[in-house]
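Breakdown of the fold
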Amino acid sequence: MNKLRTTITAIGKYTPKRILANPELEKMVDTTDEWIRTRTGVIERHIVEKGEATSDMGAAAFEDMKNRFSVDPLDIDLIIVATVTPDMFFPSTAAIIQHSIGAKNAWGFDLSAACSGFLYALVAGLQFIETGQHQKVLIFGADTMSSITDYTDRNTCVLFGDAASVVLLESTKGNDDSGIIDSIVKMDGAGQKYLYMAGGGSKNPPTHETIDKKMHYLYQEGRPVFKFAVSKMVETATEILERNSLTGQDITLFVPHQANIRIINACASKLKLKDEQVMRNIDKYANTTAATIPLGLIEAMDEKRIKKGDIILLTAFGGGFTWGSILLRWGFNYG
Ligand code: ACO
């Protein structure tokens with residue numbers, strides 16, 4: 001059986017209304033707007049209101065998709081939600097979103113790969129399209145990082161924001177050559193000690209002690225993560241370009257995970273990309289974990305930076321360690 005090709009046919013996003021800008025953080029921890037801008041590239045981030053969860057952001061992103069494209073929730077076969085901040089351990093955030101958007105005919109699951117979650121979920125989702133098992137698959141990248149951030153720790157609280165974004169995967173029609181061309185996804189569990197949330201799971205179930213020790217917040221050793229992020233993102237980006245006989249010059253847009261502007265710039269420089277080839281929106285949203293890449297794609301689409309036929313390179317690195325690259329040819333013009 002010939003494999004079908006998978007393409008993105010619709011996209012939507014949601015960012016919470018409340019903005020937490022650097023000057024407000026200056027009042028919360030010992031930091032400065034200048035340090036945050038120059039060391040991370042972040043100027044402001046969006047933060048949920050109390051009671052607003054990852055599934056709510058996901059459902060709002062789907063609503064945005066419905067407003068932009070003609071998508072019927074009843075046609076959806078499968079929902080995959082990339083997140084490290086699910087509403088709760090179970091039921092899955094996928095199940096909660098399925099109910100709130102009325103996708104009654106879909107099954108689904110959550111996928112945990114931290115900042116590489118969206119890439120992992122795309123690779124998982126495309127298997128179901130390529131085998132012909134499913135026709136319409138929703139891939140969410142959604143994280144409420146503010147729910148696991150310690151706003152008394154200046155090392156981490158300046159880095160993260162909340163957002164959700166969603167893409168619809170379908171098979172390409174007829175002779176259309178758009179779609180996902182190639183993917184590389186990698187993992188090295190030896191990196192677990194640098195980036196984790198220790199409390200709340202089966203290893204350290206919640207107790208007063210785990211709360212007192214702040215084990216329900218994200219912990220990160222920034223320097224080693226920074227080094228691995230640059231080298232692994234560049235490694236897979238280079239490999240995927242080379243094995244498809246492409247160079248950086250063939251790419252219309254590089255959409256890297258938005259963790260730090262210095263990581264993005266180092267990758268862009270090693271890949272010899274021009275400024276206009278690189279998506280940067282970390283200034284407005286900070287690191288929204290699984291949401292950064294689809295958020296970058298939809299903003300690029302809205303800013304008319306991508307059109308049908310353009311080649312796009314997605315690259316991410318995150319907790320696990322997990323990392324990877326996806327190469328795709330964009331399938332439609334918007335607006
Ligand atoms: N304001 C002022 N000073 C600060 C702040 C702050 N907000 N944060 C740290 N500092 C200080 C540190 O205390 C340290 O001071 P010291 O030298 O007196 O000890 C100094 O600044 C330098 O600290 P570093 O950690 O070396 O700073 P660095 O330049 O490495 O930047 C950062 C830290 C931004 C965290 C960076 O290392 C980074 O971006 N790392 C990678 C993040 C990443 O890619 N994560 C992966 C995805 S996340 C996920 O998967 C969930």
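Each remark here, short or long, concerns the structure printed above.
These numbers were taken from a predicted model, which means no experiment stands behind them.

Here the focus is the overall build of the chain. When its secondary structure is counted, the chain shows 11 helices and 13 strands. Relative to the globule expectation of 20 Å for 335 residues, the C-alpha radius of gyration of the chain, 19 Å, shows essentially globular dimensions. A principal-axis box enclosing the C-alpha atoms of the chain has dimensions of 60 × 45 × 40 Å. Looking at the chain residue by residue over its 335 residues, the buried ones come to 55%. Considering only intrachain contacts with a sequence separation of at least 6, the fraction spanning at least 24 residues in the chain is 76%. Carbon together with sulfur atoms contributes 52% to the accessible area of the chain, which is approximately 14,900 Å² in total.

Turning our attention to the environment of A198. Mapping A198 onto the fold places it in the loop between β9 (195-196) and α7 (208-212). Distance from A198 to L218, taken between C-alpha atoms, is 7.8 Å for residues 20 residues apart in sequence. Those residues within four positions of A198 in sequence are excluded, and the remaining contacts are N204 and M215.

On to the site of the ligand, then. Near the ligand lie 26 residues; those nearest to it are T31, R39, C115, R223 and N260. R154 places a polar main-chain atom, nitrogen or oxygen, 3.0 Å from a nitrogen atom of the ligand. Burial of the ligand by the protein amounts to 78% of the accessible area it has alone, namely 1,000 Å². Mapped by element, the contributors of at least two residues to the shell around the ligand are α2 (33-40), α6 (154-157), α8 (222-242), α9 (261-270) and β12 (311-318). If one sorts the elements of the shell around the ligand by residue count, α8 sits on top with 4 residues. Taken together, the residues of the shell around the ligand break down into 11 nonpolar, 10 polar and 5 charged.

All told, the structure shown has 19 salt bridges when counted by the stated rule. The salt bridge involving R243 is made with D182; its shortest N-O contact spans 2.7 Å. Taken together, the residues R243 in the loop between α8 and β11 (253-256) and D182 in strand β8 (residues 179-187) connect sequence positions 61 residues apart. On the basis of relative accessibility, which here comes to 45%, the residue R243 falls in the partly exposed class.

Backbone-to-backbone hydrogen bonds pair the strands of a sheet. The strands run either parallel or antiparallel. Read from one edge of the open sheet, 4 strands run β8-β13-β12-β11, paired in mixed fashion. Whereas interior strands pair on both sides, the edge strands pair on one side only; in this sheet they are β8 and β11. Averaged over all pairs of adjacent strands, the angle between strand axes in this sheet comes to 10°, irrespective of strand direction.

Inspection of the entire model under this criterion finds 11 aromatic pairs. Ring geometry for F69 against Y334: centres 5.3 Å apart, planes inclined by 35°, an arrangement best described as tilted. Of this pair, F69 sits in the loop between α3 (54-68) and β4 (78-82) while Y334 sits in the segment after β13 (322-329); the two residues are 265 residues apart in sequence, bridging distant segments of the chain. Assessed through its relative accessible area of 14%, F69 is described here as buried. For Y334, a relative accessible area of 24% gives the class partly exposed. Centroid distance Y194 to F228: 6.3 Å. Interplanar angle 40°. Geometry classified as tilted. On the criterion of sequence distance, the pair formed by Y194 in the loop between β8 and β9 and F228 in helix α8 is long-range, its members being 34 residues apart. Ring pairing ties together the aromatic residues Y194, F228, F317, F321 and W323, which thus form one cluster.

Remark: α3 packs on helix α4 (residues 93-101), axes separated minimally by 9 Å, with the N-to-C direction vectors making an angle of 45°. It follows from the interaxial angle that α3 and α4 lie oblique. Note that α3 runs across α4; the crossing there is right-handed. Counting all contacts with α3, which are made through T54, S55, G58, A59 and F62, the residues of α4 involved are T93, I96, I97, S100 and I101. Broken down by class, the residue content of the contact of α3 with α4 amounts to 5 nonpolar, 5 polar and no charged.

This part takes up the sheet that holds strand β5 (residues 107-111). Spatially, 5 strands are ordered β1-β7-β6-β4-β5 in an open sheet, and the strand pairing comes out mixed. Both outer strands of the open sheet, β1 (6-14) and β5, are each paired with one neighbouring strand and no more. Here the average twist between neighbouring strands, direction ignored, is 20°. Relative to strand β6 (residues 137-144), β4 runs parallel, the two sharing 5 bridges. Looking at the pairing, V81 lines up with F140 of β6.

Reading the values: the criteria
- Residues numbered from 1 in each chain as written.
- Predicted model: local features only at pLDDT ≥ 70, side-chain atom pairs only at ≥ 80, totals over all residues.
- Heavy atoms only, no water.
- Helix = DSSP H or I, 4+ residues; strand = E, 2+ residues; numbered from the N terminus.
- Rg over C-alpha atoms; globule rule 2.2 N^0.38 Å.
- Buried < 20%, exposed > 50% of the residue type's maximum accessible area, 1.4 Å probe, protein only.
- Contact = heavy atoms within 4.5 Å.
- Areas by Shrake-Rupley, 256 points an atom, 1.4 Å probe, with all protein chains shown as cover.
- Near = heavy atom within 4 Å.
- Polar contact = N/O pair within 3.5 Å; in protein donor to acceptor, adjacent residues only side chain to side chain.
- Nonpolar A, V, L, I, M, F, W, Y, C, P; charged D, E, K, R; others polar.
- Salt bridge = Lys/Arg side-chain N within 4 Å of Asp/Glu carboxyl O.
- Pairing = 2+ DSSP bridges.
- Axes fitted to C-alpha atoms, helices over the stretch in contact; angles between N-to-C directions.
- Phe/Tyr/Trp six-rings, centres within 6.5 Å; stacked < 30°, edge-to-face > 60°.
- Parallel < 35°, antiparallel > 145°, perpendicular 65-115°, else oblique.
- Left-handed = near helix turned anticlockwise from the far one by under 90°.

Purely geometric stuff here, so don't read any function into it on its own.
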